Amino acid sequence: MKKLLVWTFAAATTMAASSAFAARDSISIVGSSTVFPFSKVVAERFGRATKFKSPTVESTGTGGGFKQFCGGVGVNFPDMSNASRRIKQAELDNCKANGVTDIVEVLIGYDGIVIANSVKAKQMKLSRKDLFLALAKKVPNPSGGDTLVDNPYKTWKDVNPTLPAIKIEVLGPPPTSGTRDAFVELAMEGGCSQFSFIKAYKSSDKNRFKEVCHILREDGAFIEAGENDNLIVQKLNANPNALGIFGFSFLDQNADKVQASYVDGSLPTFDTIADGAYPVSRPLYFYVKKAHIGLIPGIEQFLAEFTSEKAWGDEGYLSEKGLIPLDEDRRATIAKRVKALDSLKSL
């Protein structure tokens, strides 16, 4: 009788879990606003070409996406999370703590982070040092010495005499955004590292280095504009003196409204991002919860579509949307790993 009760309880638990998953018949995807348009177009094509429903794709930001994705296993949690940076160890640990122990990592291509303004304005020629001095909360004392002061710069000309005398006003993503993470790591760190006493912090005091290089000013020069990159484009069009920070795909789609700034002498283009010449570029990913495969219909088929040559290949439909493809060998290796559903072991 005891064995029968145990078996009955186990069967009931399994049936309850199955029915919970059955309550959702389409894939749920959250995460990066940068990866959103790529994921969305794959979802739409997938829904039209297969027997499965189009996945639901939400733009929550990379950090916000991982928070939901790592919340647990079951119908109330997303199946996939898009990311404009690699998952962090703390996020991976949070996943494991909540029972999300098997994750498939998919590197899909590259993107450049653009610092752009309206086509009505003069195109800017900036350096990463200019960006750091314009946007950091603390900067080297203009009077000299190895000390830091609250950012005193009001105009771009204050930062660099060769730049125009217009107010520093930059619209950018919030802290939950992978675009924000990548911008501070690639652009801000690249600029602050040009000051030897700050660069020395990297080996002597890593926390101090990140504090100086990553914290953006809060006096109105940097304006958090949310996760909606299209909204930033609209605001730039309305205010030609402002600059905005967003992914290359949005520049590509709005070339009639906004133009990219040079960064360290390089413009973001398909080629300069692919070959690394543009200094503010980054990899793009999505992550899949293995526990949901076979329970939420269509996940494996969706993965096959996303990693097909017609989607992410050199001439694929995602490149038309602004995705910078991986090289052919890398794509083949990743596609093979995805088909085998290899789990991410460690970072």
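Within an unreviewed UniProt entry, the label attached to the protein reads Phosphate binding protein, and the organism entered is Teredinibacter turnerae.

K.L.:
Would you mind showing me how to read the state of the cysteines here?
P.N.:
A covalent bond bridging the sulfur atoms of two cysteines is what the word disulfide describes. The final tally for this structure, using the stated rule, is 2 disulfides. Covalent S-S linkage joins Cys-70 and Cys-95, the inter-sulfur distance amounting to 2.0 Å. Its S-S torsion of about -65 degrees marks the bond between Cys-70 and Cys-95 as left-handed, since a negative value means left-handed. Remark: Cys-95 occurs in helix 4 (residues 89–97) and Cys-70 occurs in the loop between helix 3 (62–69) and strand 3 (80–83); sequence separation between them is 25 residues.

K.L.:
So what exactly am I meant to see when it comes to unusual backbone geometry here?
P.N.:
Residues other than glycine predominantly adopt negative phi, and peptide bonds predominantly adopt the trans conformation. Not every positive phi belongs to a glycine, and Asp-264 is a case in point at roughly 50 degrees. Note on placement: Asp-264 falls in the loop between strand 12 (262–263) and helix 13 (270–274). Since its relative accessible area comes to 35%, Asp-264 is described here as partly exposed. Phi at Leu-341 takes a positive value of approximately 55 degrees, unusual for a residue other than glycine.

K.L.:
Any chance you could explain the pattern of salt bridges here in plain terms?
P.N.:
Two side chains that carry opposite charge are able to pair once their charged atoms sit near each other. What the rule picks out here adds up to 18 salt bridges. A salt bridge links Glu-218 to Lys-137, with the nearest nitrogen and oxygen atoms 3.7 Å apart. One end of the pair, Glu-218, is in the loop between helix 10 (206–214) and strand 9 (222–224); the other, Lys-137, is in the loop between helix 5 (128–135) and strand 6 (138–140), with 81 residues separating them in the sequence. With a relative accessible area of 67%, Glu-218 lands in the exposed category.

K.L.:
Teacher, can you tell me more about the packing of aromatic side chains here?
P.N.:
Using the criterion set out here, one finds 8 aromatic pairs in the structure. Seen in terms of ring centroids, Phe-46 and Phe-302 are 5.5 Å apart; in terms of plane orientation they differ by 85 degrees. Their pairing is edge-to-face. With a gap of 256 residues between them, Phe-46 in helix 2 (residues 36–49) and Phe-302 in helix 14 (residues 299–306) connect regions that are remote in the sequence. Among the residues examined, Phe-46 registers a relative accessible area of 2% and is labelled buried. Grouping aromatic residues by their ring pairs yields a cluster made of Phe-46, Phe-52, Phe-286, Phe-302 and Phe-306. Seen from the ring of Tyr-262, Lys-125 lies directly overhead, with NZ or CZ sitting 5.3 Å from the centre. Above the plane of the ring of Phe-69 lies Lys-289, whose end atom (NZ or CZ) is 4.7 Å from the centre.

K.L.:
What should I look at first to understand helix 10 in this one?
P.N.:
Think of an α-helix as turning once every 3.6 residues; residues three or four places apart then point the same way. Listed as buried for helix 10 are Phe-209, Val-212, Cys-213 and His-214. Where the residues of helix 10 are buried, they touch helix 5, strand 6, strand 7 (148–150), helix 7 (178–192), helix 8 (196–199) and helix 9 (201–204).

K.L.:
How should the pairing of strand 4 (residues 103–118) be read in this particular structure?
P.N.:
On any regular strand, side chains alternate: one points to one face of the sheet, the next to the other face. Within strand 4, 15 of the 16 residues are buried, which leaves it mostly tucked inside the rest of the structure. As defined by bridge partners, strand 4 adjoins strand 13 (residues 281–289) across 9 bridges and the pair is classed as antiparallel. Across the sheet, the residue bridging to Glu-105 is Tyr-287, located in strand 13. Here strand 4 runs beside strand 10 (residues 243–247); their pairing, made up of 4 bridges, is antiparallel. Bridging across to strand 10, Ile-113 finds its partner in Gly-247. Both strand 4 and strand 11 (residues 258–260) contribute to a ladder of 3 bridges, which runs antiparallel. Within the sheet, the bridge partner assigned to Ala-116 lies in strand 11 and is Ala-260.

K.L.:
Mind showing me how you'd approach the domain arrangement of the protein here?
P.N.:
Quoted interface sizes are often the accessible area lost when the parts come together. Taken as a whole, the protein is organised into domain 1 (28–110 + 282–340) and domain 2 (112–281). The centre of domain 1, based on its C-alpha atoms, is set 28 Å off from the matching centre of domain 2. Listed as interface residues are 22 residues of domain 1 and, on the opposing side, 20 residues of domain 2. Of the roughly 1,500 Å² buried where domain 1 meets domain 2, counting both sides, 55% is carbon and sulfur surface. If you sort the residues of domain 1 by the area they bury against domain 2, Ser-33, Arg-282 and Ile-324 come out on top, with a joint share of 41%. Linking domain 1 with domain 2 are 2 salt bridges. One salt bridge in this structure joins Asp-181 and Arg-85, with 2.6 Å as the shortest N-O distance. For the side of domain 1 that touches domain 2, the secondary-structure elements that each account for two or more residues are helix 2 and helix 3. When grouped by side-chain class, the residues that make up the side of domain 1 that touches domain 2 number 6 nonpolar, 11 polar and 5 charged.

How each quantity is defined
All residue numbers refer to position in the chain's written sequence, counted from 1. This being a predicted model, a pLDDT of at least 70 is required before a residue's local features are given, and a value of 80 or more before pairs of side-chain atoms are given or counted; all residues contribute to the totals for chains, interfaces and linings. In computing side-chain values, all of the structure's heavy atoms are included and hydrogens and water are not. By disulfide we mean two sulfur atoms from cysteines, separated by a distance within 2.5 Å. Each helix is a run of DSSP H or I of at least 4 residues and each strand a run of E of at least 2, with the numbering of both proceeding from the N terminus. Each residue gets one of three labels from its accessible area relative to the maximum for its type: buried under 20%, exposed over 50%, partly exposed in between, using a 1.4 Å probe on protein chains only. Whenever Lys or Arg places a side-chain nitrogen within 4 Å of a carboxyl oxygen from Asp or Glu, that contact is recorded as a salt bridge. Two rings from Phe, Tyr or Trp (for Trp, the six-membered ring) form a pair when their centres sit within 6.5 Å of each other. Planes less than 30 degrees apart are called stacked, planes more than 60 degrees apart edge-to-face, and all others tilted. For a Lys NZ or an Arg CZ to count as sitting over a ring, it must be within 6 Å of the ring centre and within 35 degrees of the ring normal. By definition, residues are in contact when any of their heavy atoms lie within 4.5 Å. In short, DSSP must find at least two bridges between two strands for them to pair. In this document the domain limits rely on a domain assignment from an automatic tool or a database. Accessible area, probed at 1.4 Å, shrinks when two parts are joined; the buried area is that loss added up over both. Lys, Arg, Asp and Glu make up the charged group, whereas Ala, Val, Leu, Ile, Met, Phe, Trp, Tyr, Cys and Pro make up the nonpolar group; the residues left over, Gly among them, are polar.

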